[in-house]
Amino acid sequence: VELAVELAAVKRMQQDSARLVQASGMPELLREILEAAIEITGADMGNIQLVQDGRLRIASHRGFVRSFLEHFGGGVHEGRAACGTAMASGRRVVVEDVTKSSVFAGSQDLPVLMAAGVRAVHSTPLIGPTGRLLGMFSTHYRQPHRPTETELQHVDVLARMAGDLLD
């Protein structure tokens, strides 16, 4: 079973490589990256944020309710939520259960996540070839979720591809 999952993920990434190169513009490119990340990780929803004026702003998304998009639509700064925490550290942040995480404890973000049906999230930085942070992609789950090492390795490959293409 694990081998079949691994093979499906590799096949998806090969297909995505071709699609990403042929993407007709930034919206299509971001949508392809996001769809691949959601499929490979088995996520229920996700978003890609790009750095603009020192904040992460949603550039592509799938599966979110309006209240979530409005709450986070103004941009996320360093240290806020999983993506802002990843932005500050430059490394992936995995939150297996938002209700038990110090990342969201006491924050105004937790009720918004719960209302959107988000129980787990992981955010991975999109870094260009020069080492500059370009954005973040985050996958979200309706149930507590711990990603496997294989899922994270596949996400890292997608993040490198996306960083190269976005740069």
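In this report, we go over the structure that sits alongside the text. These numbers come from a predicted model, not from an experiment.

**Observations regarding the overall build of the protein chain**
In step 1: The secondary structure content of the protein chain amounts to 6 helices and 5 strands.
In step 2: Going residue by residue from the N terminus, the α and β elements of the protein chain occur as α-α-β-β-α-α-β-α-β-β-α.
In step 3: Looking at the 167 residues of the protein chain, the share that counts as buried comes to 44%.
In step 4: A sequence separation of at least 24 residues applies to 55% of the contacts in the protein chain between residues at least 6 apart.
In step 5: As displayed, the protein chain has an accessible area near 8,400 Å², and 50% of this comes from carbon and sulfur atoms.

**Topic: the pattern of salt bridges**
In step 1: Under the defined criterion, the tally for this structure stands at 6 salt bridges.
In step 2: Where Glu 35 meets Arg 62, a salt bridge forms, and the shortest distance between an N and an O atom there is 2.5 Å. Taken together, the positions of Glu 35 in helix α2 (residues 26–41) and Arg 62 in strand β2 (residues 55–62) put the pair 27 residues apart, joining distant regions of the chain.

**Remarks on the sheet that holds strand β3 (residues 93–95)**
In step 1: Reading across from one edge, β2-β1-β5-β4-β3 is the order of the 5 strands in this open sheet, with antiparallel pairing throughout. Since the sheet does not close on itself, it has two edges, and those belong to β2 and β3, each with one partner. Taken pair by pair, the neighbouring strands of this sheet meet at an average axis angle of 20°, ignoring direction.
In step 2: In this sheet, β2 lies alongside strand β1 (residues 45–52) in antiparallel orientation, the contact comprising 7 bridges. In the strand pairing of β2, Leu 50 is matched with Arg 57.

**Some words on the pairing of strand β5 (residues 133–141)**
In step 1: With 8 of its 9 residues buried, β5 lies for the most part within the structure.
In step 2: Note: strand β4 (residues 120–127) against β5, 8 bridges, orientation antiparallel. Along β5, the bridge assignment pairs Leu 126 with Gly 135.
In step 3: The antiparallel hairpin formed by β4 and β5 contains 5 residues in its connecting segment, where Gly 131 sits at a positive phi of about 95°.

**A look at α2**
In step 1: Here α2 contains 16 residues, and its C-alpha end-to-end distance of 23 Å stays within 8% of the 22 Å for a straight helix at 1.5 Å per residue.
In step 2: Just beyond α2, the residue with positive phi is Gly 42, at close to 70°.

**Quick look at the packing of α2 against helix α6 (residues 149–166)**
In step 1: Contact pair α2 / α6: the axes reach a minimum separation of 10 Å and the direction vectors enclose 175°. Comparing the axis directions of α2 and α6 gives the class roughly antiparallel. The residues of α6 that touch α2, namely those facing Met 26, Leu 29, Leu 30, Ile 33, Ala 36, Ala 37, Ile 40 and Thr 41, are Glu 151, His 154, Val 155, Leu 158, Ala 162, Leu 165 and Leu 166.
In step 2: Residue composition of the contact of α2 with α6, grouped by class: 12 nonpolar, 2 polar and 1 charged.

**Quick look at the packing of aromatic side chains**
In step 1: Going through the model one piece at a time under the given rule, you end up with 2 aromatic pairs.
In step 2: The interplanar angle of 10° and the centroid separation of 4.0 Å between the aromatic rings of Phe 64 and Phe 68 together place this pair among those described as stacked. An identical accessibility class is assigned to Phe 64 and Phe 68; each is buried.
In step 3: Summarising the aromatic geometry, the rings of Phe 68 and Phe 72 are spaced 4.8 Å apart at their centres and angled 50° between planes, so their arrangement reads as tilted. With a gap of 4 residues between them, Phe 68 and Phe 72 both fall in helix α3 (residues 66–72), about one helical turn apart.
In step 4: For Phe 72, a relative accessible area of 5% puts it in the buried group.
In step 5: Through a chain of ring-to-ring contacts, the aromatic side chains of Phe 64, Phe 68 and Phe 72 assemble into a single cluster.

Parameters and conventions
- Residues numbered from 1 in each chain as written.
- Predicted model: local features only at pLDDT ≥ 70, side-chain atom pairs only at ≥ 80, totals over all residues.
- Heavy atoms only, no water.
- Helix = DSSP H or I, 4+ residues; strand = E, 2+ residues; numbered from the N terminus.
- Buried < 20%, exposed > 50% of the residue type's maximum accessible area, 1.4 Å probe, protein only.
- Contact = heavy atoms within 4.5 Å.
- Areas by Shrake-Rupley, 256 points an atom, 1.4 Å probe, with all protein chains shown as cover.
- Salt bridge = Lys/Arg side-chain N within 4 Å of Asp/Glu carboxyl O.
- Pairing = 2+ DSSP bridges.
- Axes fitted to C-alpha atoms, helices over the stretch in contact; angles between N-to-C directions.
- Expected span 1.5 Å × (residues − 1).
- Parallel < 35°, antiparallel > 145°, perpendicular 65-115°, else oblique.
- Nonpolar A, V, L, I, M, F, W, Y, C, P; charged D, E, K, R; others polar.
- Phe/Tyr/Trp six-rings, centres within 6.5 Å; stacked < 30°, edge-to-face > 60°.

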